[in-house]
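# Report on the structure
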Amino acid sequence: MTPTPSKADLLERAAARVALDRRFLASLMADWTGGDLDFARLAYELRCDPGCVTRLALCFRPRQDPAGFRADVARIAASVSISEACLTAFLREAEALAAFRKPASAGGALLAAARDRVEREPDKN
Amino acid sequence: MSKDRERFRLLHERLVGGDPAAPSELFVVLQKPVARVVYGRYRDAGLSWIDAADVATDAIVAHLSAPHQFKPERASLFTYLVVVANGDALNLIRNRGKERKNHAHLVELSAADGNVTDDEKHCRLDAEKLLRAHIDEITETDMDRRILDLMLQGEQKTAAYAVALGVEGLPASEQRTLVKQHRDKIEKRLKRLGERL
């Protein structure tokens, strides 16, 4: 008789399955770990157990506007029992990493803007 | 209204209201129960627990894409998801039936060539020999051949395919998309070959 898989295993599989769907935090978390979801590594980074990581991965991404982001992060943190500060820091790092890895044309524009800003700084002497 | 149905109704309202944690709670509460019903119904037709979990996941994801299609006054969310998952399970079983027919056809052809196929391992190896005999119909480039080799080895890791495609430097999400596109292309050619032979 085939053993019944545990709920935790099935949820982990669901999280891996939705990692291609950009609506879910799973996609951002998979990007952060460099490809496939690494539950152990994420649990270490987020200072929580792997079950929390799974539940987090199955949440939708928070909104991008500052007020919406704060409200959504608070709801997510409360729902999956994770530190709001820890989650905020992780999401900001993961989003920044994802933005940095965007195609060269987007990165080139970012660098050009940075150079313009430096050139415009007033002469301090 | 039963306690469960009320609970599901509130969860649905949070989902429609844009609560980003609602999808996760939906999975926690409903994925395994839906999978259990689907498995119970279709296990004799060859559906595994993993298959049942996957169709339950896909049913929930489909619901998250169009939550307004569910009418709480007509049925409970659990019943609604079971109906969707049952439909997907049936399609999966039917598609597998077609794939098995194609594979058996490849093996029969191999046996007709004089290869002995008295166990599953020999069946797989002979099918691979047949595939290699028609390699030019399945693969157009060296990249296609590397992808086919990985598929025949049973490789599951995206990273391995990404290296074969030379896209390991791209963001993980783009790697996954490109790997899937190439794998799907090879699989379609394999199916067409099977149907033709």
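Residues numbered from 1 in each chain as written. Chains lettered and ligands numbered in written order. Predicted model: local features only at pLDDT ≥ 70, side-chain atom pairs only at ≥ 80, totals over all residues. Heavy atoms only, no water.

Residues and elements named next belong to chain B. Running from N to C, helix 7 (residues 142-152) and helix 8 (residues 158-165) cross one another at 160°; their axes reach a closest spacing of 9 Å. Looking at the two axes, helix 7 sits roughly antiparallel to helix 8. Where helix 7 crosses over helix 8, the handedness of that crossing is right-handed. Residue-level inspection shows M143, R146, I147, L150 and M151 of helix 7 in contact with helix 8, the latter providing A160, Y161, A164 and L165. A per-class count over the contact of helix 7 with helix 8 returns 8 nonpolar, no polar and 1 charged. (Axes fitted to C-alpha atoms, helices over the stretch in contact; angles between N-to-C directions. Helix = DSSP H or I, 4+ residues; strand = E, 2+ residues; numbered from the N terminus. Parallel < 35°, antiparallel > 145°, perpendicular 65-115°, else oblique. Left-handed = near helix turned anticlockwise from the far one by under 90°. Contact = heavy atoms within 4.5 Å. Nonpolar A, V, L, I, M, F, W, Y, C, P; charged D, E, K, R; others polar.)

So, about unusual backbone geometry. Residues and elements named next belong to chain A. One non-glycine residue with positive phi stands out, namely R47, at about 55°. Along the chain, R47 falls in the loop between helix 3 (39-46) and helix 4 (50-57). A positive phi angle, close to 60°, is found at S81, a residue other than glycine. Considering the arrangement of structural elements, one finds S81 in the loop between helix 5 (66-80) and helix 6 (84-100). Among the residues examined, S81 registers a relative accessible area of 54% and is labelled exposed. (Buried < 20%, exposed > 50% of the residue type's maximum accessible area, 1.4 Å probe, protein only.)

Attention now goes to the nonpolar core. In terms of nonpolar packing, the biggest core is built from 67 residues, with M29(A), L37(A), L56(A), F27(B) and V38(B) touching the most fellow members. Tallying contributions element by element places helix 2 (residues 22-42) of chain B first for this core, with 10 residues. (Core = buried A, V, L, I, M, F, W, Y, C linked by side-chain atoms within 4.5 Å.)

Attention shifts here to the packing of aromatic side chains. Overall, the coordinates contain 5 aromatic pairs over all chains when judged by the stated rule. Centre to centre, the rings of F24(A) and F27(B) are 6.3 Å apart; their planes meet at 65°, and the pair counts as edge-to-face. Linking F24(A) in the loop between helix 1 (7-17) and helix 2 (25-32) with F27(B) in helix 2, this pair reaches from one chain into another. Taken as a pair, F24(A) and F27(B) share a single burial class, namely buried. Relative to Y80(B), the ring of F70(B) lies with its centre 5.2 Å away and its plane at 50°, an arrangement referred to as tilted. You can see F70(B) sitting in the loop between helix 3 (49-65) and helix 4 (77-112) and its partner Y80(B) sitting in helix 4, a full 10 residues away along the chain. (Phe/Tyr/Trp six-rings, centres within 6.5 Å; stacked < 30°, edge-to-face > 60°.)

Another aspect to go through is the confidence of the model for chain A. Taken over all residues, the pLDDT of chain A has a mean of 84, while the share at 70 or more is 79%. Every residue in residues 106-121 of chain A scores below 50 in pLDDT, and together they form 0 contacts with partners more than four places removed in sequence or on other chains. (pLDDT = per-residue confidence, 0-100.)

Chain B puts 27 residues into the contact, and the matching count from chain A is 35 residues. Between chain B and chain A, roughly 2,700 Å² of surface is buried when both sides are summed, and carbon and sulfur atoms account for 60% of that area. Considering only the side of chain B, the residues that lose the most area to chain A are P20(B), K32(B) and R176(B), jointly responsible for 22% of the buried surface there. With its nearest N and O atoms 3.5 Å apart, the salt bridge here joins D54(B) to R17(A). (Buried area = accessible area lost by both parts, 1.4 Å probe. Salt bridge = Lys/Arg side-chain N within 4 Å of Asp/Glu carboxyl O.)

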